[in-house]
Amino acid sequence: MNPIEIVPMAEAHIESFHRTLDVVARERRYLAFLEAPPLEATRAFILDTIRHGFPQFVAVSGGEVVGWCDVTAKPRPIHAHVGVLGMGLLPAYRGQGIGTRLIAKALKAARGFGWSRIELTVREDNVNAVALYKKFGFVTEGVQRYAVKVDGAYANLLLMALLF
Ligand SMILES: CC(C)(COP(=O)(O)OP(=O)(O)OC[C@H]1O[C@@H](n2cnc3c(N)ncnc32)[C@H](O)[C@@H]1OP(=O)(O)O)[C@@H](O)C(=O)NCCC(=O)NCCS
């Protein structure tokens, strides 16, 4: 396998990021959507996050994005101190420490960005992701019971956050 580099998201990564996002979304177990948004909407979102300088890192293998971790802002002024974290990896790249490398870089950049709270939601049954977030100091603040229903099955969502 090619070595994995963790680098800031750039315009050149958008198409392969979109493919990776779509693969993870279509697994129907991890993300808040079941397929990636259209490519052009994704492109507009990414270009906007690059313009704002939000922390957004990708794991790249042989020039292709195989994973990402981003922290983005919330729209309202009362939440200007809060970043929202999201991440994912193609199945073949999980369990090898790449998520740890991605989130470490994203959190360091988020701290530098000036946010004092980083929050996320994660399905309670996503034990690997929950373990990763706890390893980085995220605390479970609440449980939204039956918040998600996919293919007839309910799942609880954990609300987790890290304070700087
Ligand atoms: C969640 C995810 C990003 C973690 O990245 P990863 O590269 O697989 O994780 P790492 O190999 O860096 O492991 C990080 C920690 O996660 C936990 N973990 C990861 N894989 C695990 C496994 N197979 N069994 C048990 N724990 C595991 C461990 O706590 C591990 O830390 P440790 O090795 O120090 O014990 C990745 O598995 C993924 O993309 N999952 C699907 C998409 C997803 O869930 N996104 C998040 C939605 S909220």
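Everything below is about the structure printed above this text.
Starting afresh in each chain, residues are numbered from 1 along the sequence in its written order. Totals for whole chains, interfaces and linings use all residues, but because this is a predicted model, local features are given only for residues with pLDDT of at least 70 and pairs of side-chain atoms are given and counted only at 80 or more. Each side-chain value is derived from all of the structure's non-hydrogen atoms; neither hydrogens nor water enter the calculation.

Draft legend 1. A look at the overall build of the protein chain. Each helix corresponds to a stretch of at least 4 residues labelled H or I by DSSP, and each strand to a stretch of at least 2 residues labelled E; elements are numbered beginning at the N terminus. Scanning the protein chain from terminus to terminus reveals four helices and seven strands. Ordering the α and β elements of the protein chain from the N terminus gives β-α-α-β-β-β-α-β-α-β-β. We take the radius of gyration over the C-alpha atoms and set the globule estimate at 2.2 Å times the residue count to the 0.38 power. In terms of overall dimensions, the protein chain is globule-like: its C-alpha atoms have a radius of gyration of 15 Å, near the 15 Å expected for 164 residues. Along the longest, intermediate and shortest principal axes, the C-alpha atoms of the protein chain span 40 × 35 × 30 Å. Nonlocal contacts in the protein chain, meaning residues at least 24 apart in sequence, comprise 62% of its contacts between residues at least 6 apart. Of the accessible surface of the protein chain, which amounts to about 8,900 Å², a share of 55% is contributed by carbon and sulfur atoms. The contact criterion used throughout is that any non-hydrogen atoms of two residues lie within 4.5 Å. Areas reported here follow the Shrake-Rupley algorithm with a probe of radius 1.4 Å; residue values treat only the protein chains shown as occluding.

Draft legend 2. Fine view of the packing of aromatic side chains. Side-chain rings of Phe, Tyr and Trp, where Trp is taken by its six-membered ring, are said to pair if the distance between their centres is within 6.5 Å; with planes under 30 degrees apart they count as stacked, over 60 as edge-to-face, and otherwise as tilted. Going through the model one piece at a time under the given rule, you end up with six aromatic pairs. Measuring from ring centre to ring centre gives 5.5 Å for Phe54 and Phe113, while their planes differ by 65 degrees; the resulting arrangement is edge-to-face. Pair noted here: Phe54 is in the loop between helix H2 (39-52) and strand S2 (56-61) and Phe113 is in helix H3 (residues 98-113), with a separation of 59 residues, a long-range link. With 4.4 Å between their ring centres and 40 degrees between their planes, Phe113 and Trp115 make a pair best called tilted. For every residue, the accessible area obtained with a 1.4 Å probe (protein chains only) is divided by the maximum for its type, and the residue is called buried under 20%, exposed over 50%, and partly exposed between those limits. Judged by its relative accessible area of 35%, Phe113 falls in the partly exposed class. For Trp115, a relative accessible area of 4% gives the class buried. Each residue in the set Phe54, Phe113 and Trp115 is aromatic and connected to the rest through ring pairs, giving one cluster.

Draft legend 3. Spotlight on the sheet that holds strand S6 (residues 139-150). Two strands qualify as a pair provided DSSP detects at least 2 bridges between them. Pairing in this open sheet of seven strands is mixed, and the strands run S1-S2-S3-S4-S5-S7-S6 from one edge to the other. Either end of the sheet is taken by a strand with one partner, and the two such strands are strand S1 (4-8) and S6. Between one strand axis and the next, the sheet turns through 20 degrees on average, direction left out of account. Relative to strand S4 (residues 82-89), strand S3 (residues 64-73) runs antiparallel, the two sharing seven bridges. Opposite Trp68, over in S4, you have Gly88 as the bridge partner. Axis angles are defined between N-to-C directions and span 0 to 180 degrees, where every axis is a line fitted to C-alpha atoms and, for a helix, only to the segment in contact. Against the sheet, helix H4 (residues 127-135) makes contact with S4, strand S5 (117-123), S6 and strand S7 (153-163), and its axis sits at roughly 160 degrees relative to S5, the strand it touches most.

Draft legend 4. View of the pattern of salt bridges. The salt bridge definition used is simple: a Lys or Arg side-chain nitrogen within 4 Å of an Asp or Glu carboxyl oxygen. A full pass over the atoms with the stated rule returns eleven salt bridges. Among the salt bridges present, the one from Asp22 reaches Arg26, with a minimum N-O distance of 2.8 Å. With Asp22 and Arg26 both in helix H1 (residues 14-26) and four residues apart, the pair spans about one turn of that helix. Because the salt bridges share partners, they merge into one network encompassing Lys74, Arg117, Glu119 and Glu141.

Draft legend 5. The arrangement of the pairing of S3 in detail. With respect to burial, S3 is a largely interior element, eight of its ten residues being buried. Direction of pairing for S2 relative to S3: antiparallel, over a ladder of six bridges. What sits directly across from Phe57, in S3, is Cys69. Between the antiparallel neighbours S2 and S3 lie two residues, among them Gly62 with a positive phi of about 55 degrees.

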